[in-house]
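Single-letter residue listing:
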Amino acid sequence: MKARTRFAPSPTGELHIGGVRTAIFSWLLAKHTGGEFYLRIEDTDQERYVPGSTRRILESFDWLGITLDGGPDHEELRAMKTNEDYPGALEDGEYKGVPGPFVQSHRLHLYKQWAEWLVEHGYAYRANETPEELQRMREEAQARKQTFIFREEMRLRPDVRPDEPHVIRMRVLPRDGRTEFDDLIKGRVSFDNAQVDDQVLLKMDGFPTYHLAVVVDDHLQGVTHVLRGDDWLPSAPKHVLLYRYFGWPEPQWAHVPNVLGTDGKKLSKRHGAQSVFEFRDQGYIPEALINFLALLGWAPGGGDEQNVFTREELIAKFSMAGVGSSPAVFDYNKLDWLNGVHIRRLSPDDLAERLVPFLARAGVSVDTPEKRALLRRIVPHIQERTKKLTDAAPLVDFFFGDIQTPPAEMLIGPKMEQPLALHALRETRRVVASVEPFEDAPLEQAMRALCEALGLKPTQLFTIVRNAVTGKSVTPPLFATMAILGRETCLTRLDRAIARLQASA
Ligand code: GLU
């Protein structure tokens, strides 16, 4: 069966990584079954609305490489006061079979229509208690040590006319029964109706609450599986009842466990990055982030120990049966490891392109075709040791700009005195000036022969040569580095090192 799933964030800020994990499960389920995954913006709480968040959400999906089969278009984004246009906007109305609009504030007429339907059919009623009156009722219940559960007979003005300001509340029926349903993760779930509030469905301002909107939209938009965080589980009986009142087929429910930090606490700022863009800016690549997030609570099962997945492999292997019922732990060490693995899988040219903005941020501008070509030559030599895109700048900056000549101590190797170091650097200069061709292997051969002639261990000599030509003690492999730097640059830097060492005598 083809699944149609949705991700339905409220536009209240950055996309939280725990939410993205749930979105990834929804997307994988849809794609595994050849179905659709779409985005719906749940902006019914206009007070919490943060301008620009819808656009950021769309950009997050773009960056992750998750294609949507439906979502809000740019007209709507503008109408949402963002003042932003979104170039990758999807069409309004129907998109790949999913009916829009995809922003709830553009669907108000639908919620109103279905709320009225519930009133007409005896599943909902009008009420007009003010927030102050409700607050008083809540306090009275608290004083009696009871949970505040609103019921029809508690209305202060029972005869509310349809033309005066009012809310519409659902009737929880039967009052003394239970509401039960199956959840793909939690199993059979059962709630005592006596504990379920007569929830407000339509507010005085004509906006629905989440509970009505989510049911109407999921039904009209043909959602087959509702995947969401398990903090929504207590709301589920309200939704299940609404489906039953409307006589609509229920979707399959899947309340996904939370993501925790390694300390067992709910994932928060304290644990590190929160939003997709923070991870991007810290040098993680989308291939790794998707792989990592998919494994937060899902495993292929059946003895399959695979940890490294491409997007296509995840789509092929994903199933709800593999989603566990205990909270997942967000382990940065594993993310770092996976990031390194996926970086090594990139073609060097692809990696080079991805490094450009990170290098620019670190002050290394790769802004000409010549510099791009240079970076592409360097990348194969640093790919192995790059775990995050932010690791590259210190490994490559000395190729793109001049270096500070190192202090004399850096030019005297382990177990060496100044005169020997000076002699060794002069001999190195001679080799560098004459070796033909000026390439990795011949350089290495000549330099190893020099070690022998001088009676030095390779580490002794290579340490000071590395320091002299790069100004650093950690670099890509030395001879590849020298070959890429080129004979002239190596000679200039060696001459300056020799002069520095000489002056230190
Ligand atoms: N708008 C809800 C949220 O912000 C969506 C919950 C759901 O997926 O049904 O989390």
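Since this is a predicted model, take the numbers as computed values, not measurements.

Describe the pairing of strand E5 (residues 178-183), naming the residues involved and giving the relevant values.
Burial along E5 is one-sided: Thr-179, Phe-181 and Asp-183 are buried, and none of Arg-178, Glu-180 and Asp-182, which face the opposite way, are. Where E5 and strand E6 (residues 187-192) come together, 6 bridges link them in antiparallel fashion. For Thr-179, the partnering residue across the bridge sits in E6 and is Phe-191. Two successive antiparallel strands, E5 and E6, enclose a turn made up of 3 residues.

Explain the pairing of strand E2 (residues 36-39) to me, using residue names and the numbers behind them.
Both faces of E2 are covered, namely the face carrying Glu-36 and Tyr-38 and the face carrying Phe-37 and Leu-39. Judged from the 4 bridges that link them, strand E1 (residues 4-7) and E2 form a sheet pairing that is parallel. Bridge assignment links Arg-4 to a residue of E2, and that residue is Glu-36.

An account of the nonpolar core is needed here, citing residue identities and associated values.
Judged by nonpolar contacts, the single largest core of 60 residues is most densely connected at Leu-359, Phe-399, Phe-400, Leu-425, Leu-461 and Met-482. At the level of elements, helix H12 (348-361), helix H13 (369-382), helix H14 (393-400), helix H15 (418-434), helix H16 (440-454), helix H17 (458-470), helix H18 (478-485) and helix H19 (487-503) are the ones that each hand at least two residues to this core. Trp-63, Phe-309, Met-320 and Val-341 belong to the second-largest nonpolar core, a separate cluster that totals 53 residues.

For the side chain of Asp-43, give the residues involved together with the corresponding values.
Along the chain, Asp-43 turns up in the loop between E2 and helix H2 (53-64). A polar contact of 3.4 Å, which involves the side chain of Asp-43, links it to the backbone nitrogen of Gln-104. In terms of polar contacts, Asp-43 uses its side chain to reach the side chain of Ser-105, at 2.5 Å.

Can you lay out helix H7 (residues 236-246) for me, pointing to particular residues and giving the numbers?
Counting buried positions along H7 yields 10 of 11 residues, so the element is predominantly enclosed. Listing the buried residues of H7 in full gives Ala-236, Pro-237, Lys-238, His-239, Val-240, Leu-241, Leu-242, Tyr-243, Tyr-245 and Phe-246. Backbone geometry just downstream of H7 places Gly-247 in the positive-phi region, at approximately 75 degrees.

Can you explain unusual backbone geometry? Please cite residues and give values.
The step from Gly-100 to Pro-101 runs through a cis peptide bond, and the omega angle for that step is -10 degrees. Its location among the elements puts Pro-101 in the loop between helix H3 (74-79) and helix H4 (108-120). Cis geometry is adopted by the peptide bond preceding Pro-174, which originates at Leu-173 and carries an omega value of -15 degrees. Looking at the secondary structure, you find Pro-174 in the loop between strand E4 (167-170) and E5. Its identity as a non-glycine residue notwithstanding, Lys-145 has a phi of 60 degrees, on the positive side. Within the secondary structure, Lys-145 is located in the loop between helix H5 (131-143) and E4. The class of Lys-145 is exposed, set by a relative accessible area of 77%. Backbone geometry places Lys-415, a non-glycine residue, at a positive phi of 55 degrees.

Please provide a residue-by-residue account of the site of the ligand, values included.
The environment of the ligand is made up of Arg-6, Ala-8, Ser-10, Glu-42, Tyr-210, Val-214, Arg-228 and Trp-232. Tyr-210 has a polar side-chain atom sitting 2.5 Å from an oxygen atom of the ligand. Between Trp-232 and the ligand, the recorded distance is 3.4 Å, taken from a side-chain N or O atom to an oxygen atom. Summarising the interface, the protein chains cover 81% of the accessible area of the ligand, which totals 290 Å² for the free molecule. Comparing atom positions with the cavity grids shows the ligand to sit within the largest pocket. The residue inventory of the shell around the ligand, partitioned by class, reads 4 nonpolar, 1 polar and 3 charged.

Break down the packing of H12 against H13 for me, citing the residues and quoting the values.
Close contact between H12 and H13 brings their axes to 9 Å; oriented N to C, the two are set at 110 degrees. When the axis of H12 is compared with that of H13, the two are roughly perpendicular. Across from Pro-348, Asp-349, Leu-351, Ala-352, Glu-353, Leu-355, Val-356 and Leu-359 in H12, the residues of H13 making contact are Arg-372, Leu-375, Arg-376, Val-379, Pro-380 and Ile-382. Grouping the amino acids of the contact of H12 with H13 by side-chain chemistry returns 10 nonpolar, no polar and 4 charged.

Run through the sheet that holds strand E7 (residues 200-202), naming residues and quoting values.
As summarised here, the arrangement of the 3 strands in space is E3-E4-E7, forming an open sheet in which the pairing is antiparallel. Edge positions in the sheet fall to strand E3 (124-127) and E7, since each has one partner strand and no second. Strand after strand, the sheet turns through a mean of 45 degrees between neighbouring axes, direction not considered. Here 4 bridges tie E3 to E4, and the two strands are oriented antiparallel to one another. In the strand pairing of E4, Ala-127 is matched with Val-167.

Summarise the confidence of the model for the chain; cite the residues concerned and give the values.
In the predicted model, the chain carries a mean pLDDT of 92, and the fraction of residues at 70 or more is 95%. Confidence drops under pLDDT 50 across residues 77-91; counting only partners more than four residues distant or on other chains, this segment forms 40 contacts.

Which residues make up the layout of surface pockets, and what values do they have?
To find leftover empty space, one rolls a probe the size of a water molecule over the atoms. Considering only enclosed or pocket space, the largest pocket measures out at about 1,200 Å³ in volume. Lining the largest pocket are 41 residues, and of these Ala-8, Pro-9, Ser-10, Arg-48 and Trp-232 lie nearest its centre. Put simply, the parts of the chain that give the lining of the largest pocket at least two residues each are E1, helix H1 (17-32) and strand E8 (225-229). No other element matches the 6 residues that H1 contributes to the lining of the largest pocket. Classifying every residue of the lining of the largest pocket by side-chain character gives 15 nonpolar, 13 polar and 13 charged. Every residue lining the second largest pocket is counted, 17 residues in all, and those nearest its centre are Glu-129, Leu-134, Arg-138, Arg-169 and Val-200. Among the elements of the structure, H5 and E4 are those that each provide at least two residues to the lining of the second largest pocket.

I'd love a proper account of the pattern of salt bridges, names of residues and values included.
Under the counting rule described, the total for this entry stands at 33 salt bridges. A salt bridge links Glu-14 to Arg-56, with the nearest nitrogen and oxygen atoms 2.9 Å apart. With Glu-14 in the loop between E1 and H1 and Arg-56 in helix H2, the pair connects residues that are 42 residues apart, well separated along the chain. For Glu-14, a relative accessible area of 42% puts it in the partly exposed group. The partly exposed category is assigned to Arg-56, whose relative accessible area is 29%. What emerges from the salt-bridge pattern is a single network uniting Arg-6, Arg-40, Glu-42, Arg-107, Asp-217 and Asp-218.

Cut-offs applied
- Throughout, residues of each chain are indexed from 1 in the direction in which the sequence is written.
- This being a predicted model, a pLDDT of at least 70 is required before a residue's local features are given, and a value of 80 or more before pairs of side-chain atoms are given or counted; all residues contribute to the totals for chains, interfaces and linings.
- The side-chain figures draw on all heavy atoms in the structure; neither hydrogens nor water molecules are used.
- Exposure categories follow from relative accessible area, calculated using a 1.4 Å probe and restricted to protein chains: below 20% of the type maximum is buried, above 50% is exposed, and the middle band is partly exposed.
- A run of H or I in DSSP becomes a helix once it reaches four residues, and a run of E becomes a strand once it reaches two; helices and strands are each numbered from the N terminus.
- By the convention used here, strands pair only if DSSP detects at least 2 bridges between them.
- Within this scheme, the nonpolar core is defined by two criteria: the residues are buried Ala, Val, Leu, Ile, Met, Phe, Trp, Tyr or Cys, and they are joined through side-chain atoms within 4.5 Å.
- Here a polar contact is recorded for every N or O atom pair within 3.5 Å, except that within protein the pair must consist of a potential hydrogen donor and a potential acceptor, and residues adjacent in sequence are included only if both atoms are side-chain atoms.
- In this text, near means that some heavy atom of the residue lies within 4 Å of the molecule or strand in question.
- Only the protein chains shown count as cover for residues, with accessible areas throughout obtained via the Shrake-Rupley method and a probe of 1.4 Å.
- Here a cavity means grid points, on a 1 Å grid over the protein atoms only, where a 1.4 Å probe fits yet cannot get out; a pocket means an open set of points with protein on both sides within 12 Å along at least five of seven lines; lining residues are those with an atom within 4 Å of a point.
- Grid points define the cavity or pocket, and a molecule sits in it when more than half of its atoms lie within 2 Å of them.
- Three classes are used, and their members are as follows: Ala, Val, Leu, Ile, Met, Phe, Trp, Tyr, Cys and Pro are nonpolar, Asp, Glu, Lys and Arg are charged, and the others, Gly among them, are polar.
- Only C-alpha atoms enter the line fits that serve as axes; for helices the fit covers just the stretch in contact. Angles between N-to-C directions range over 0 to 180 degrees.
- Working definition: roughly parallel below 35 degrees, roughly antiparallel above 145 degrees, roughly perpendicular at 65 to 115 degrees, and oblique for all remaining angles.
- Two residues form a contact once any of their heavy atoms are found within 4.5 Å.
- As a per-residue measure, pLDDT reflects the predictor's confidence and takes values from 0 up to 100.
- Grid points are joined across faces, edges and corners, and a volume is the space filled by probe spheres set on the points.
- Basic side-chain nitrogens of Lys or Arg form a salt bridge, by our definition, when they fall within 4 Å of a carboxyl oxygen of Asp or Glu.

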